[in-house]
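Residues per chain, in single letters:
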Amino acid sequence: MIKFLILIGCCAGFWQFSGSYGNTFQSLFLGLFFVAAAIAALQRRIAAIPLTVPELVLYAVAILSAAVSLWQAAEPSMLYSIAFLASLVLISVLARVVSFPDILDIGAAMVLVLALCSIIVERAQFVTALSITITRIGLVRFSPFGNHPNLTGFIFGAGSILLARRAFVTRSTPERAVMLSATVLTWIFVMAASARASVVALGFAATLAVIRDFRLSKPALLTAFGGLALAIVAMVTVIGGSAITYLAGIMELNSHTRGVGTGGTGRTDLWIQGITTLASDPSLLIFGGGLRSSDIANIGFSTEDSYITILLDSGLFVGAALIAVVFYCPIKAMSLSRSSDNDRRELILAPAFFVFLLVESIFNRYLLGIGNPMSLFVLMSIVSLSVHAKAVAKHRAKEASGPGA
């Protein structure tokens, strides 16, 4: 029941743009997480694990944001800070009830539900996007249920890794077939959304998976890359220029607004503007402006970068600590996956998942938040990973002390 409530809570934000009910869907997870935490408390299932360093950093972000928002009388940021803090409390509780591998399984189930809903309800838009339809406002990009195409790429790009992990973990052949099929479908979603940042991030994640998770020997690694190269050459030879033309079209590589030479669709100029804004105000540089203060409605432009967003919202010191926590996640996941055969199996592709987030966040600002399914899930994953690491360390210390300790 607890896992089901978490699953539904994570999914709900996908329909945040569904008319007058969008705000209800977006905030529904708070009630569902509260019920799940209450059930866990009544059943006395909450493990006695102290707060972890990543949790403390996240709490510092929320508390600093609330203080800055109160000082500046910024009501929207204050309300978001309170909601973010409440979410953290509930997530901290649930991370001590549901294990990190189970959280990853919930993520795979979430993406499967969202993918099925998208392909069933938004089938016509999906087909139109794949057909490379150009209108007077540009390329039609897949944006199910009103979610921005870049957000669509973020959700389903990261989600494809969770689905692939579940395909490797499960011992059920039918489930493996479903998860692999869903993985391919989400890759197509990323293409249909023309989410190029997600494509690049998936490339980095796949490279890490081949090198670290599957632990191929050097000869096997060279063979794998050689086989891939031959497959690409063969595909280009057989299909010819039509495949290259199609990929260039759906990715808009030759577009005068999104193509090569546009500075990442103008992102480089926005990044410079974001850094300039941060450096222009000493109080902003030190304390930040509060969560969501870097929204386009407040600063007049979109940062298009999660790291600049974090620094603008939380300041140089707390923001840098939060960024360090995020960068440490794939390292910690790799460390844990080497601890035992069971962890190696259960945590396969977890490092690749975090690497995807790190790379994708260079080009988009969705990394951490509670407003969409994947950002919320990422927040839960960071907390859950840190709690799992502390639980493993506690167990090892107990074993080392001996049965009589």
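Treat the numbers as computed from the prediction; the structure is a model and nothing was measured. (Residues numbered from 1 in each chain as written. Predicted model: local features only at pLDDT ≥ 70, side-chain atom pairs only at ≥ 80, totals over all residues. Heavy atoms only, no water.)

Novice: Go over the overall build of the protein chain with me, naming the residues and quoting the values.
Specialist: Tallying secondary structure elements over the protein chain gives 18 helices and two strands in all. Taking all 405 residues of the protein chain together, the buried fraction comes to 50%. Looking at the protein chain alone, contacts between residues at least 24 apart form 76% of all its contacts between residues at least 6 apart. Looking at the protein chain as shown, the accessible area adds up to about 18,700 Å², and 70% of this sits on carbon and sulfur atoms. (Helix = DSSP H or I, 4+ residues; strand = E, 2+ residues; numbered from the N terminus. Buried < 20%, exposed > 50% of the residue type's maximum accessible area, 1.4 Å probe, protein only. Contact = heavy atoms within 4.5 Å. Areas by Shrake-Rupley, 256 points an atom, 1.4 Å probe, with all protein chains shown as cover.)

Novice: Tell me about the pattern of salt bridges, and please be specific about residues and values.
Specialist: For the structure shown, the criterion picks out eight salt bridges. The partner of lysine 3 in a salt bridge is aspartate 102, with the nearest N and O atoms 3.2 Å apart. Residue lysine 3 is located in helix H1 (residues 2-12), and its partner aspartate 102 is located in helix H5 (residues 100-121); the two are separated by 99 residues in the primary sequence. In this structure, arginine 165 and aspartate 105 form a salt bridge, with 2.7 Å as the shortest nitrogen-oxygen distance. With arginine 165 in helix H7 (residues 149-169) and aspartate 105 in helix H5, this pair connects stretches of sequence that are 60 residues apart. Residue classification places arginine 165 among the buried residues on the basis of a relative accessible area of 1%. Residues participating in the shared-partner salt-bridge network are Asp105, Arg165, Arg166, Glu175 and Glu346. (Salt bridge = Lys/Arg side-chain N within 4 Å of Asp/Glu carboxyl O.)

Novice: Describe a nonpolar patch on the surface, and please don't skip the residues or the numbers.
Specialist: Nonpolar side chains collect at one region of the surface, where Ile286, Phe287, Leu316 and Phe317 lie side by side and expose about 390 Å² of accessible area between them. Mapped by element, the contributors of at least two residues to the nonpolar patch are helix H13 (282-287) and helix H15 (306-337). Among the structural elements, phenylalanine 317 can be located in helix H15. Overall, the relative accessible area of 58% leaves phenylalanine 317 in the exposed class. (Patch = residues over 30% accessible without salt bridge, like charges linked within 9 Å, V, L, I, M, F, W, Y side chains within 5 Å.)

Novice: Give me the lowdown on the packing of H5 against H7, citing residues and values where you can.
Specialist: Where H5 contacts H7, the axes come no closer than 8 Å and their chain directions differ by 120°. On the basis of their axis angle, the class for H5 and H7 is oblique. For the pair H5 and H7, the crossing hand works out as left-handed. Taken together, the residues of H7 that come into contact with H5 (itself represented by Pro101, Leu104, Asp105, Gly107, Ala108, Val111, Leu112, Leu114, Ala115 and Ser118) are Ile155, Phe156, Gly159, Leu162, Leu163, Arg165 and Arg166. Its residues assigned to classes, the contact of H5 with H7 shows 11 nonpolar, three polar and three charged. (Axes fitted to C-alpha atoms, helices over the stretch in contact; angles between N-to-C directions. Parallel < 35°, antiparallel > 145°, perpendicular 65-115°, else oblique. Left-handed = near helix turned anticlockwise from the far one by under 90°. Nonpolar A, V, L, I, M, F, W, Y, C, P; charged D, E, K, R; others polar.)

Novice: Describe in detail the packing of aromatic side chains, supporting the description with residues and values.
Specialist: Tallied over the entire structure, the rule returns 16 aromatic pairs. Ring geometry for phenylalanine 14 and phenylalanine 156: centres 6.0 Å apart, planes at 90°, overall edge-to-face. Note that phenylalanine 14 is positioned in the loop between H1 and helix H2 (22-42) and phenylalanine 156 in helix H7, a separation of 142 residues in sequence. Assigned by exposure class, phenylalanine 14 and phenylalanine 156 land together as buried. Put simply, the rings of Phe14, Trp15, Phe25, Phe126, Phe142, Phe145, Phe156 and Phe189 touch in pairs and so form one group of aromatic residues. Note that arginine 292 overlies the ring of tyrosine 80, its terminal NZ or CZ placed 4.9 Å from the centroid. (Phe/Tyr/Trp six-rings, centres within 6.5 Å; stacked < 30°, edge-to-face > 60°. Lys NZ or Arg CZ within 6 Å of the ring centre and 35° of its normal.)

Novice: An account of unusual backbone geometry is needed here, citing residue identities and associated values.
Specialist: Positioned with a positive phi, serine 194 is a non-glycine residue whose angle comes to about 50°. Tracing the chain through its elements places serine 194 in the loop between helix H8 (173-192) and helix H9 (196-213).

Novice: I'd love a proper account of the packing of helix H3 (residues 53-72) against helix H4 (residues 75-95), names of residues and values included.
Specialist: One can describe the packing of H3 onto H4 by two numbers: an axis separation of 8 Å at closest approach and a directional angle of 160°. The orientation of H3 relative to H4 falls into the category roughly antiparallel. Seen along the crossing, H3 lies across H4 with a hand that is left-handed. Seen from H3, the contacting residues are Glu55, Leu58, Tyr59, Ala62, Ser65, Ala66, Ser69 and Leu70; seen from H4, they are Ser77, Met78, Ser81, Phe84, Leu85, Leu88, Val89 and Ser92. Class assignment of the residues belonging to the contact of H3 with H4 gives a composition of 10 nonpolar, five polar and one charged.

Novice: Help me get a handle on the nonpolar core, residues and values and all.
Specialist: Of all hydrophobic cores here, the largest spans 110 residues; its most connected members are Phe33, Phe353 and Met374. What phenylalanine 33 contacts, discounting residues up to four positions off in sequence, is Leu5, Ile6, Gly9, Cys10, Leu90, Ile91, Leu94, Leu376 and Met380. (Core = buried A, V, L, I, M, F, W, Y, C linked by side-chain atoms within 4.5 Å.)

Novice: Run through the confidence of the model for the protein chain, naming residues and quoting values.
Specialist: Chain-level pLDDT for the protein chain is 86 on average; 83% of the residues reach the 70-or-more range. Averaged pLDDT values for the elements of the protein chain fall to 58 in helix H10 (residues 218-239) and rise to 96 in H5. (pLDDT = per-residue confidence, 0-100.)

Novice: Lay out the environment of alanine 320 in plain terms, naming residues and giving numbers.
Specialist: Positionally, alanine 320 belongs in helix H15. By relative accessible area, which is 37% here, alanine 320 ends up partly exposed. Separated by 13 residues in the primary sequence, alanine 320 and tyrosine 307 have C-alpha atoms spaced 8.7 Å apart. Setting aside chain neighbours within four positions, we find alanine 320 in contact with Leu311 and Gly315.

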